[in-house]
Amino acid sequence: MSSGKTDTSIKGYIEVDQELCKGCQICISFCPKDAISASDKLNASGYLTVFLNDSGQCTGCAICALVCPEVAIEVYRG
Ligand code: SF4
Ligand code: SF4
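From a predicted model like this one, the values you see are computed outputs, not experimental measurements.

(A) The overall build of the chain, seen in detail. A tally of regular secondary structure across the chain gives two helices and four strands. Secondary structure elements of the chain occur, N-terminal to C-terminal, as β-α-β-β-α-β. Across the 78 residues of the chain, 18% fall into the buried class. When contacts within the chain are restricted to residue pairs at least 6 apart in sequence, long-range pairs at least 24 apart make up 63% of them.

(B) Seen up close, the site of ligand 1. In the vicinity of ligand 1 there are 13 residues, among which Cys21, Cys24, Cys27, Cys68 and Glu70 approach most closely. Looking at the shell around ligand 1 residue by residue, the class counts come to nine nonpolar, two polar and two charged.

Here is what the cut-offs are and how they apply
Residues numbered from 1 in each chain as written. Chains lettered and ligands numbered in written order. Predicted model: local features only at pLDDT ≥ 70, side-chain atom pairs only at ≥ 80, totals over all residues. Helix = DSSP H or I, 4+ residues; strand = E, 2+ residues; numbered from the N terminus. Buried ≥ 20, exposed ≤ 12 C-beta atoms within 10 Å, placed from the backbone. Contact = placed C-beta atoms within 7 Å. Near = placed C-beta within 6 Å. Nonpolar A, V, L, I, M, F, W, Y, C, P; charged D, E, K, R; others polar.

Read these as spatial facts, not as claims about activity.
Laid out in structure tokens, this is it:
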């Protein structure tokens, strides 16, 4: 009998403000789900930004938003 429960139903998503992002990729390093990928698009400031990839793994844990030095990430759950 297991008392531990793995809740795989928790889903979330993020929105990255493409103009605030400086492309440092700290969020990619910290995301426990590998849900963020580097883009090949430059923003207006000339930085390669990041985006939520299509892995469907984001749990809305908000770690990425906490570590982003530019406060470029909004996290949504549900
Ligand atoms: S941590 Fe913030 S600034 Fe750095 S790549 Fe991620 S979204 Fe962009
Ligand atoms: S909210 Fe959590 S799982 Fe989703 S992209 Fe950010 S760090 Fe990854």
